[in-house]
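Geometric and topological summary
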Amino acid sequence: MADPEQAAADDLHLVGVTKSFGSFTAVDNLDLTVPAGSFFALLGPSGCGKTTTLRMIAGLEEPSRGEIRLGSSSITGLRPYKRPVNTVFQNYALFPHLDIFENVAFGLRRRGVKDVRAKVSEMLDLVELGSFARRRPAQLSGGQQQRVALARALINRPQVLLLDEPLGALDLKLRRQMQIELKRIQTEVGITFVHVTHDQEEAMTMADTIAVMNSGVIDQLGAPAGLYENPRTTYVANFLGQSNLVRARVTRRTSDLLAVDAHGSRLTAPAARVHTRSDEVWIGVRPEKVFLSRAGTEARSGANLLAGGIVRDVCFVGVSTQYFVAMPWGQELVVFEQNTGARDVLTSGTLVDLHWASAHSFLLDAAQDSS
Ligand code: ATP
């Protein structure tokens, strides 16, 4: 178990980090602490500034303003090879003429380290490629090449490992396997991983903490479940999974609860999930938190209820069924129901009510946007 004081001394800090390219600001005054030994994901769509942030940590770009620190030492301005930081790129960048063993040994040999054989063998075992040591990269699958790249980046025991869309070239099934593998390896080596991805599922599967980036700034940062259950902006609500967001107006505020009017229905949300002072709001709920009943057949006291839906489309997706429900005000809401076999699938055209516990609602600012 790592010493907590030592661990805090190795935390990675970005303090007021800005990167401009001419008049364009790619990363805007970023303040961020990545706890030592954690798996941290920078998540966001193409162009939001993730790779630029990673490249500044690696030393491949210098910030226009601000500082990057490891513990109390500034690494801003240090050449990339002087930083205790390594990077795994999407294209692996393996040496094609060297075998796997020599690819992984490369960094150790260059530094004149002893015990190369034992260290490389240990690392190849960690990534489960012990029996592939004498193959060339071209004789390995994409997933195996990715693990060689990982072993090579970890062999010098960097304090921080940067991963730039490392699974982007793999097919979906392999990517899922590698997500679990990467998480296992990170836990085993205890090195700080900073992982860049645009794939929310990937970030949620692996990361202890996710920073959701939007146009050069962090919109929200937190543990995956917290971000998913309690998003603070419509951007985060929509980027992490699917959300039902219904336009509403606040009618009553107490210290625990807010009540809103949403197209004539009275709905409530807990005060801890209210992220706006505005009276113009979106009330949100995740699709799997909603229960569908045939219209007028269920009264659930204390639950939020939206009546008057019509099932438009039904998609069977194995473990669950997805319902797309047209509401009287023209919006389509989505409901995921686990396929437990407890009841028949509702068919297209069925009149339904939507119910969910008040505790699962969140309230977001709608004053700024009209969509
Ligand atoms: P992707 O997932 O597509 O890699 P990203 O979130 O990693 O996207 P960045 O590569 O960090 O985004 O780029 C952020 C913004 O900065 C983009 O609009 C990009 O065009 C711009 N940018 C990045 N590098 C440069 C550069 N060297 N010169 C000018 N603009 C740049």
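Scoring rules and cut-offs
- Residues numbered from 1 in each chain as written.
- Predicted model: local features only at pLDDT ≥ 70, side-chain atom pairs only at ≥ 80, totals over all residues.
- Helix = DSSP H or I, 4+ residues; strand = E, 2+ residues; numbered from the N terminus.
- Contact = placed C-beta atoms within 7 Å.
- UniProt positions renumbered as here; feature names shortened; annotations may be inferred.
- Near = placed C-beta within 6 Å.
- Nonpolar A, V, L, I, M, F, W, Y, C, P; charged D, E, K, R; others polar.
- Axes fitted to C-alpha atoms, helices over the stretch in contact; angles between N-to-C directions.
- Parallel < 35°, antiparallel > 145°, perpendicular 65-115°, else oblique.
- Left-handed = near helix turned anticlockwise from the far one by under 90°.
- Domains from an automatic or database assignment.

When helices and strands are counted, the protein chain shows 9 helices and 20 strands. Structurally, the protein chain occupies a C-alpha span of about 75 × 45 × 40 Å along its principal axes. Taking contacts inside the protein chain between residues at least 6 apart in sequence as the whole, the part at least 24 apart equals 65%.

In this section: the environment of Gly47. Tracing the sequence through the fold places Gly47 in the loop between β3 (39–43) and α2 (50–58). Here the alpha-carbon distance between Gly47 and Thr18, two residues 29 residues apart in the chain, equals 15 Å.

Our focus in this paragraph is the UniProt feature "domain: ABC transporter" (unreviewed entry) in the protein chain. Here, UniProt's "domain: ABC transporter" (unreviewed entry) annotation points to residues 12–240. In this annotation, residues 12–240 is assigned 35% helix and 27% strand; the end-to-end C-alpha distance for the span is 25 Å.

Quick look at unusual backbone geometry now. Of note in this structure, Arg157 is not a glycine but carries a positive phi near 50°. Although it is not a glycine, Glu165 sits at a positive phi angle of roughly 45°. Its location among the elements puts Glu165 in the loop between β7 (160–164) and α6 (172–189).

Turning next to the site of the ligand. Near the ligand the following residues occur: Phe21, Phe24, Ala26, Gly44, Ser46, Gly47, Cys48, Gly49, Lys50, Thr51, Thr52 and His198. With 3 residues, the top contributor of residues to the shell around the ligand is α2. Split into classes, the residues belonging to the shell around the ligand amount to 4 nonpolar, 7 polar and 1 charged.

Another point: the packing of helix α5 (residues 142–154) against α6. At a closest axis distance of 11 Å, the pairing of α5 and α6 adopts a crossing angle of 20°. Put simply, α5 runs roughly parallel to α6. With respect to the hand of their crossing, α5 and α6 are arranged in right-handed fashion. Facing α5, whose interface residues are Gly142, Gly143, Gln146, Leu150 and Leu154, α6 presents Leu174, Met178, Ile185 and Val189.

Let's shift gears to the domain arrangement of the protein chain. As assigned here, the protein chain comprises domain 1 (4–229) and domain 2 (242–365). Each of domain 1 and domain 2 has a C-alpha centre, and these two points are 39 Å apart.

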